[in-house]
Every structure is written in structure tokens, then in C-alpha cells.
Amino acid sequence: MIREFLRSRIAAGALAMLALIVLVALFAPWLAPQNPYDLAQLDLLDARLPPGATSAAHFTYFLGTDGQGRDMLSAIFYGLRVSLTVGVASGLIALALGGLLGVFAAYAGGRAEQLLMRVVDIQLGFPAILVALILIAVLGKGVDKIIIALVCVQWAYYARTARSAAVVERNKEYVDAARSLGFSHLRIVLRHLLPNAMPPLIVVGTVQVAHAIALEATLSFLGLGLPTTEPSLGLLIANGYEYLLSGRYWISVYPGLALLATILSINLVGDQLRDQFNPRLAR
Amino acid sequence: MPAFILRRLAQTLLVLLVTSALVFGGLYLVGNPVEILVNPAADEIEKARAAAALGLDRPVLEQYWIFLKGAASGDLGRSFVFGRPALEVILERMPATLELAFLAMVMSVGIGIPLGLYAGLYPDRFSSKAIMAGSILGFSLPTFWVGLLLIMLFAVQLGWLPSTGRGPTEEVLGIQISILNIAGLRYALLPSLNLALFKLSLIIRLTRAQVREQVLLDYIRFARAKGLPRARVIGVHLLKNIMIPLVTVIGLELGSVIAFAIVTESIFAWPGMGKLVIDSMFQLDRPVVVAYLLVVVLMFTLINLAVDILYAALDPRVRLDGSRA
């Protein structure tokens, strides 16, 4: 399976890029030339330097500096960390919550299943940005708040996927066998149904993490997401907005490229996973 | 069918009620609008007077009850900031948002379907692969960032188009519309292109997938075997059949374009209702935020309903029995 994945050169390249991005995000404090949020390391005289400029202290700003003299390369490393944390954390929580609800609904059937799917249908009838906006308006700013909002936005996708996968599984013989062995409902759902519903959930998951990262960046750009103390890529782009009109493109453009690289590589990996898990496509 | 529509409307009412309660309660907890509205130098007595004038001195449940009573008769409260009925403020901004959404949809359908058709008919050509690669890129590009790049390129560097704001408007049937004259269209071009990009990618991919599925079916082979000209097979037989799923998606995407206009309007300072709601959120102008969300949720449900009915009309195999909502 891994070999098959790597046979597609685009997917392999995307996976390599994604791995690099994750490593950079994980080790940002050690890789970044500067701690962009330690005010003692910032020099206002170095503000708005173009990419490649060198400071008086012979420090080279490869991607230039922002309005406060912050090294953009370091800011992007730290920003990636925040963006990925929010995207992955909300994705995992939503996967667990939505996946479990979906599988339980399929197993229980009847009223409970109908009710849950009705709620899912209603929510999916509204665009994610609108739901997220309502929630952020209600919850306020903060990393925890935005993760809650993103989980609320995403769980329905997972619930729908898990349910449709589990509905197919619930009538199979191995489930009947488990039932006749007298296993508890909980055990059947967790040990038998859930693992078999996992492949489609993983595919939805990759796409959803990319969505979550984009959505968080959008909300932060609008000033509704993360507080300025924890700048994600979206907030970095927003900060560069005012300088863009005067031709200082680098403050907004480079964080945007980092965001694009992240979302693109996740989407490409997700595309390949979807094709591999899809039995209808001849390979 | 009538039972289906009735059930749908009842469901809409429930969603509206939940949304209003959630937002009303949430914004009540977030902060006190009086602190923002009143002159910072104002003393406690002045603040209390302002709160009383806005009805903010009462318990939140009572405020919500008053709001619900008003809402039942079409009155969604007065904006704290504008001092006018919130619904009026929103409806005033609605044409600007709708014309942007309309233009974006025209662009994405007008460009997306031909490109998707081409990529689906000739999947192995290099140009088709380039189109598909472009659509993946369009999918992954964060909309707001693309908006900034568009401003940078076309407004700052090249100076071809205005960067922000809305152009001169013309009055049509009492509504101010800006895209009917060239000057106004120039202003609308960048924001609607920005808004269209994501939908364009979606429509390209969808059209291509549909075409590739349909060209293998017997009816196409039969039409060809009959000796019909290729243009007629593609333009009539094929196009008709790929339209069914496309209409559904296009209908649903119209709603999401209206919601996503929030972002585009904020970037391009386009005076539509999306920008209004973002500004109102920062000013804790609760009546406007609640009214906006209710209006948009209502628009959404109506669009979804229309799409479902249209779907049943286009495809006789679909029955509306109310079991699926």
C-alpha cells in the first residue's frame, strides 16, 4: 500500500513536502533563526526590511521583516506550528466525535439514527464559514474557542461518512457472529464496526484538516480567530495587508505561500488516498 | 409534495429559533455594547441611561422574549450603531452582495463548464491535465490570500483596476445596482473573480467527472451510431444529462457564495452585508448580527428547498416524499 502510494510521483512529492512542513512546525523553536515573540530580540530599526536584507548586527533576514522588525522566516515557522496545531487538533477531535456518533447511530438504527442524520443534514446545508462565524461570534477569541468552533463545523462530515460506512458493515456476518458470542454493544461498535469504518474516515480526515487550516486562517484574517499573541499564518497575512498597498509584498506573500504549500500538499495526499481506497477505480 | 414543503418550512423555523437563541445569548455574554457605544468619558448615570434606551438594562431572557415578539411581526430590532431597524440596514446592503454573488456564479459557470467539458472529452491531452492541475491549485488557494494577490497585481502593480470599494450605481426598480455600467463593473471585477475562484475549480472538476462517466453510456454511443454530428451529441445529448447534478451543486453553491462574500467584501471594502456583519461583530451591534444571520439562514433554506424541487423537476426519477430533508 505504501509502495503503491509512492508510485504516484505527485503524491510522493506532496507527502515529502508535507513531512517537511510538519517537521518545521514541530521543531520551529530550534530551527527558527529568531524567536519572533521575544521582544528583546526585535529591533524596530529593522522594521519592513526587504527579503535578503542584513541588519546592523549582521543578521540576514532571508524573507524580510514585518512592521515590528520581526524576521518573517521565523514568524512563518512559528505560524505553521499554530496553524497545524489548530487544524490537526480540531480534525482529530471531530473525527473521534463524529466517527463515534456516526457508527453508534448506524448500529442503533431507528429513531436515534434518523434524528442524528437529520441534524447532520441540516448542518451540512449551511456553509462551513457561516457556521464557524456564528460560533466565533458566540464563543469569542482564543485557541481553545477556535478549536471548539472548528470541531462543531466538521463533526457532521465525519458522522455522515462513518454512518454510511457502518451501515454497510452492520449487516455482515462477522457482526452477527460477535453478537451471538454475547459481546457487549460497546465492544461490537468500538472493536468491530469502528475499525472497518476507518478508511473512508481517514480520507475525509485529510481533506477536512486542510479545510480546517484554511478556515482558521480565514477567520484569523478577519480578526475573529486567534488572539494576536499566537499568530497563525492567517494572522501574519492580515498583518501584512496594510503594507501590501505600498509595495511591501513579502509580509503577506510569504506566509500565504507557506499556507498554500500546506493545504496543497494535504489535498494532494488526500486525493491519492481517496483513489487508493476507492475500489471502483481500476488500478 | 405539499407535505414535504410544509415539513421543510417547519424545520426552517426551528433552525431560525435555535440560531437566534444561540447568537443572542452568546453576544450577550461576550461584552457590553454600552461600553463601546458611549463616549469613554461618560459617567455611570449616562451609561445606565444609554443601556435603558437600548433596552439593555433588562434581564437577557426578557430581552430575548421582546426580540422574539418583534421578530414574529417582522421587526428584528433596532441597530445600536445606526439607530435604524436592523433589517432595513441589512436589506439596504443586500443588492451589493447579491450582485457580487451573481457575477461570481456567472464567471464560474461560464468558464467552468466549458473547461470541464474539454478536460472530460480529451482527458489525455496536456492542456486537460493543466486545467485539472489548475483546479487543484484553485481548490487549495486560500480565498482571502488570492484577494490580496489580485489587489497587489491588478491594482497596485499594473494599475488596471480599482482596488477597493464599489463603483457608481444605477437605480433599477428602486434597487441600486453597480454592475450595469462599465465604471461599476470595473470595481466589481476583482472581488467577483476572487469569489468565483473556488467555485470555478469545483465546477471544472464536477463537470469533468460527469462527462467521463456519461460518455461511456449507451445513449451517447447510440447517438453517434445514428450519425449525429459531434456538436449535437455533445451540445444536446451530453450537456443535458450532465446538467442535472450540476444544477444541484450550482444552486447550493450560490448560497455558499453569499456566505463567503463576508471574506471577499472585507478584503475589497465592498459595502455589502458581509462587511456589515463583520463590522457589527466588532461593535457588538447585536441586532444587526442576529438579523443578518436570520436573513442568511432563511435565504439558505429557501435556496436548498428550491434546489430540491428543481432537482425533482429535472430528474423524474427523484421523488420528494419528505423522508429525506
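Worth saying up front: this structure is predicted, and the values here are computed from it rather than measured.

Criteria and cut-off values
- Residues numbered from 1 in each chain as written.
- Chains lettered and ligands numbered in written order.
- Predicted model: local features only at pLDDT ≥ 70, side-chain atom pairs only at ≥ 80, totals over all residues.
- Helix = DSSP H or I, 4+ residues; strand = E, 2+ residues; numbered from the N terminus.
- Buried ≥ 20, exposed ≤ 12 C-beta atoms within 10 Å, placed from the backbone.
- Contact = placed C-beta atoms within 7 Å.
- Expected span 1.5 Å × (residues − 1).
- Nonpolar A, V, L, I, M, F, W, Y, C, P; charged D, E, K, R; others polar.
- Bend = angle between axes of the 7 residues up to and from the residue.
- Axes fitted to C-alpha atoms, helices over the stretch in contact; angles between N-to-C directions.
- Parallel < 35°, antiparallel > 145°, perpendicular 65-115°, else oblique.
- Left-handed = near helix turned anticlockwise from the far one by under 90°.
- Core = buried A, V, L, I, M, F, W, Y, C linked by C-beta atoms within 7 Å.
- pLDDT = per-residue confidence, 0-100.

Enquirer: Describe the overall build of chain B, and please don't skip the residues or the numbers.
Expert: Of regular secondary structure, chain B possesses 12 helices and 2 strands. From first element to last, N terminus to C terminus, chain B shows the α and β order α-α-α-α-α-α-α-β-β-α-α-α-α-α. Expressed as a percentage of the 325 residues in chain B, the buried residues total 37%. For chain B, the share of sequence-separated contacts (at least 6 apart) that also reach a separation of at least 24 residues comes to 70%.

Enquirer: Outline the overall build of chain A, supporting the account with residue identities and numerical values.
Expert: What chain A contains, in helices and strands, is 11 helices and 2 strands. The linear arrangement of helices and strands in chain A, starting from the amino end, is α-α-α-β-β-α-α-α-α-α-α-α-α. Put simply, 70% of the contacts in chain A that link residues at least 6 apart link residues at least 24 apart.

Enquirer: Outline helix α10 (residues 233–244) of chain A, supporting the account with residue identities and numerical values.
Expert: The first and last C-alpha atoms of α10 of chain A sit 16 Å apart over 12 residues, in line with the 16 Å expected at 1.5 Å per residue. Counting buried positions along α10 of chain A gives 9 out of 12 residues, so the element sits mostly inside the fold. Within α10 of chain A the residues assigned to the buried category are Leu 233, Gly 234, Leu 235, Leu 236, Ile 237, Ala 238, Asn 239, Gly 240 and Leu 244 of chain A. In this fold, the buried residues of α10 of chain A make contact with α4 (72–108), α9 (185–221) and α11 (250–277) of chain A together with α7 (143–157) of chain B.

Enquirer: Any details on the interface of chain B and chain A? Residues and values, ideally.
Expert: In this complex, chain B contributes 36 residues to the contact, which on the side of chain A involves 33 residues. Counting only elements with at least two residues in the side of chain B that touches chain A, the list comes to α1 (2–30), α6 (126–140), α7, α10 (230–268), α11 (273–282) and α12 (286–314) of chain B. Of all the elements, α1 of chain B adds the most residues to the side of chain B that touches chain A, at 8 residues. Partitioning the side of chain B that touches chain A into residue classes produces 27 nonpolar, 9 polar and no charged.

Enquirer: Residues and numbers for helix α7 (residues 143–170) of chain A, please.
Expert: Given 3.6 residues per helical turn, the α-helix brings residues three or four places apart onto the same face. End to end, α7 of chain A covers 38 Å across 28 residues, agreeing with the expected 40 Å (1.5 Å per residue, within 8%). Along its length, α7 of chain A reaches its greatest deviation from straightness, about 35°, at Gln 154 of chain A.

Enquirer: Describe the environment of Met 17 of chain A, with residues and values.
Expert: All names here are of chain A. Looking at where Met 17 falls in the secondary structure, it is placed in helix α2 (residues 9–26). Using a count of 17 C-beta atoms within 10 Å as the deciding quantity, one classes Met 17 as partly exposed. For the pair Met 17 and Arg 7, spaced 10 residues apart in sequence, the C-alpha separation works out to 16 Å. Residue contacts for Met 17: discarding those within four places in its chain leaves Ala 261 and Ser 265.

Enquirer: Tell me about the packing of α10 of chain A against α11 of chain A, and please be specific about residues and values.
Expert: Residue and element names in this part refer to chain A. Viewed as axis vectors pointing N to C, α10 and α11 meet at an angle of 150°, and their least axial separation amounts to 7 Å. Accordingly, the angle class assigned to the pair α10 and α11 is roughly antiparallel. The two elements α10 and α11 cross, and the hand of that crossing is left-handed. On the side of α10, the interface is formed by Leu 233, Leu 236, Ile 237, Asn 239, Gly 240, Tyr 241, Tyr 243 and Leu 244, while α11 contributes Ile 251, Ser 252, Pro 255, Gly 256, Ala 258 and Leu 259. When its residues are assigned to classes, the contact of α10 with α11 shows 10 nonpolar, 4 polar and no charged.

Enquirer: Give me the lowdown on the nonpolar core, citing residues and values where you can.
Expert: Counting residues in each nonpolar core, the largest one holds 157 residues, and the members touching the most others are Val 103 and Ala 132 of chain A together with Tyr 292 of chain B. Top contributing element to this core by residue count: α4 of chain A, with 18 residues. Each residue touching Tyr 292 of chain B, except ones within four places of it in the same chain, is listed here: Ile 90, Met 273, Leu 276 and Val 277 of chain B.

Enquirer: With reference to specific residues and values, describe the confidence of the model for chain B.
Expert: All names here are of chain B. Averaged over every residue, the pLDDT of chain B is 77; the share at 70 or more is 84%. Mean pLDDT values for the elements of chain B range from 65 in helix α2 (residues 33–37) up to 86 in helix α5 (residues 86–121). Predicted as a complex, the structure gets a pTM of 0.80 and an ipTM equal to 0.74.

Enquirer: Would you mind going over the environment of Leu 185 of chain B in detail, with residue names and values included?
Expert: Residues and elements named next belong to chain B. In this fold, Leu 185 is placed in helix α8 (residues 182–214). The class for Leu 185 is partly exposed, based on 16 C-beta atoms found within 10 Å. Taking C-alpha positions, Leu 185 is 8.9 Å from Arg 166, a pair spaced 19 residues apart along the chain.

Enquirer: Please give an account of unusual backbone geometry that cites residues and values.
Expert: Residue and element names in this part refer to chain B. One non-glycine residue, Ala 269, lies in positive phi territory at about 50°. Relative to the helices and strands, Ala 269 resides in the loop between α10 and α11. Residue class for Ala 269 comes out exposed when judged on the 12 C-beta atoms lying within 10 Å of it.

Enquirer: Summarise the environment of Lys 199 of chain B; cite the residues concerned and give the values.
Expert: All names here are of chain B. Locating Lys 199 in the fold gives a position in helix α8. For Lys 199, a count of 23 C-beta atoms within 10 Å translates into the label buried. When the C-alpha atoms of Lys 199 and Leu 217 are compared, they prove to be 27 Å apart, with 18 residues separating the residues in sequence.

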